[in-house]
2 protein chains.
Amino acid sequence: MPRLLIHRLDPASRLVRLMLAEYGVPVTLEDIKPWTRDPALLEINPAASVPILVDEGGLPVVGVLAVLSAIESRYAPDTVAGLIPESPEANAETWRLLDWVLLKLNDEVTRYVIEEKIVKRDRRGGVPDPSVLRIAKANLVEHMHYFNWLFATRHWIAGDTMTLADFALAAHLSSLDYLGDVLWETSQETRDWYARIKSRPAFRTLLSDRIAGMPAAKGYADLDF
Amino acid sequence: MPRLLIHRLDPASRLVRLMLAEYGVPVTLEDIKPWTRDPALLEINPAASVPILVDEGGLPVVGVLAVLSAIESRYAPDTVAGLIPESPEANAETWRLLDWVLLKLNDEVTRYVIEEKIVKRDRRGGVPDPSVLRIAKANLVEHMHYFNWLFATRHWIAGDTMTLADFALAAHLSSLDYLGDVLWETSQETRDWYARIKSRPAFRTLLSDRIAGMPAAKGYADLDF
């Protein structure tokens, strides 16, 4: 069985887990704290980042872009549409929104929340910097406006069918939701979409995640939140 | 002819230009200052980022990941190997290093240099913050150590053949080189590789770029630098 090196609240790790679960690929999860820069991790990945996919017999596949590419080419089903559409327009829209989530949402929101609430606390018993969290939360409000606007006219984020971009956004929002940082009450359209994607079988593994000493926020695992 | 909306020193725009030139696809370049958030740009791309590829008749392809995917599927030659290898190991190594450059090098070095030296000056006639530039330069030294280490045993960054990861790194280093921020004298292995990639026909368009009021650093366009 392939092994997947992850951190439970790392959104890139969550995206990859959702993709594997949707494609029906069982993996053994190995929990890593990338920020400790463990020598065994650095030897596989000098960037000290996760996810890392270790297939039986193969070389490790390192970093989210490499792992997404590997999963799509190795495990995408032949019989049904995969998560990366082939039609030019749907493909471009999927990648545009993957770019939005993996680069922009991450840069403006998720990375700060994870750094302040998870990394700082674990690394030096620190407390989050409220001014950083305030900026991240204000940025998230802007992002949610945009997602609400998209979901007002779309069933899935890139159009009529579910794509990898839905899993990317769900991965990020689920990390933030674990930490209690998503204001669902003011984001009805996005909430409806999230309820739909959260109820998929692929999501179950994420909903049972727990971080020692940091309980999930109320409603995190509820399908009716 | 397809149009490509870019900024001359934006490394993602440069990566896409290199890829198109290597595949022999002529495009019309349209210069954009993404930070001015021009309404015409926001209508095409609410993220206000470049590159954007506008094919005749098609919808705009927005953001670097979408444009890379579109170019590879529309323009990669059938007769020779494309820039994204198919063998699992080479594919994973190419994406690992694309991840490194597009996310890590950008996050730790390039974005700060562009923001301080280009955006700030253009937006409000500001001057760069020396403390930010100092950190970016120190980070670049660490990255160059790693690239030197790779190039000590590899002809191209992901192995024996040139890939998109070479163009990604060349795009970033060429932006930094235009601004005089690459210390070539302490990076012999990377310099040898850069001299090789810089002499490719695909690179010519980048070497003739000039920004009004900001001359290129000495050696920028020289093949023997």
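Residues numbered from 1 in each chain as written. Chains lettered and ligands numbered in written order. Predicted model: local features only at pLDDT ≥ 70, side-chain atom pairs only at ≥ 80, totals over all residues. Heavy atoms only, no water.

1. Focus on the layout of surface pockets
Point 1. Taken as a whole, the second largest pocket holds about 1200 Å³ of empty space.
Point 2. Broken down by secondary-structure element, the contributors of at least two residues to the lining of the second largest pocket are helix H3 (64-75) and helix H4 (88-124) of chain A together with helix H3 (64-75) and helix H4 (88-124) of chain B.
Point 3. Classifying every residue of the lining of the second largest pocket by side-chain character gives 25 nonpolar, 11 polar and 7 charged.
Point 4. Mapped onto the domain boundaries, the lining of the second largest pocket takes at least three residues apiece from domain 1 (3-75) and domain 2 (88-207) of chain A. (1 Å grid on protein atoms, 1.4 Å probe; cavity = no way out; pocket = protein on both sides within 12 Å on 5 of 7 lines; lining within 4 Å. Points joined across faces, edges and corners; volume = space filled by probe spheres on them. Helix = DSSP H or I, 4+ residues; strand = E, 2+ residues; numbered from the N terminus. Nonpolar A, V, L, I, M, F, W, Y, C, P; charged D, E, K, R; others polar. Domains from an automatic or database assignment.)

2. Here we look at the packing of helix H1 (residues 11-22) of chain A against helix H6 (residues 164-178) of chain A
Residue and element names in this part refer to chain A.
Point 1. The contact between H1 and H6 brings their axes to 8 Å, and the two run at 130°. It follows that H1 is oblique to H6 by the angle criterion. As for how H1 packs across H6, the hand of that crossing is right-handed. Judged by residue contacts, Pro11, Arg14, Leu15, Leu18, Met19 and Glu22 of H1 engage Leu164, Phe167, Ala168, Ala170, Ala171, His172, Ser174 and Ser175 from H6.
Point 2. Tallied by class, residues from the contact of H1 with H6 come to 9 nonpolar, 3 polar and 2 charged. (Axes fitted to C-alpha atoms, helices over the stretch in contact; angles between N-to-C directions. Parallel < 35°, antiparallel > 145°, perpendicular 65-115°, else oblique. Left-handed = near helix turned anticlockwise from the far one by under 90°. Contact = heavy atoms within 4.5 Å.)

3. A closer look at the domain arrangement of chain A
Residue and element names in this part refer to chain A.
Point 1. Along its sequence, chain A is organised into domain 1 (3-75) and domain 2 (88-207).
Point 2. Each of domain 1 and domain 2 has a C-alpha centre, and these two points are 20 Å apart.
Point 3. Opposite the 16 residues of domain 1 that make contact, domain 2 presents 24 residues.
Point 4. On the domain 1 side of the contact with domain 2, Leu9, Leu18 and Trp35 bury the most area, a combined 37% of that side's loss.
Point 5. Joining domain 1 to domain 2, the criterion identifies 2 salt bridges.
Point 6. Taking the shortest distance from any N to any O, the salt bridge between Lys33 and Asp122 comes out at 2.7 Å.
Point 7. Scanning the region where domain 1 abuts domain 2 turns up 6 residue pairs in polar contact (both at pLDDT 80 or more). (Buried area = accessible area lost by both parts, 1.4 Å probe. Salt bridge = Lys/Arg side-chain N within 4 Å of Asp/Glu carboxyl O. Polar contact = N/O pair within 3.5 Å; in protein donor to acceptor, adjacent residues only side chain to side chain.)

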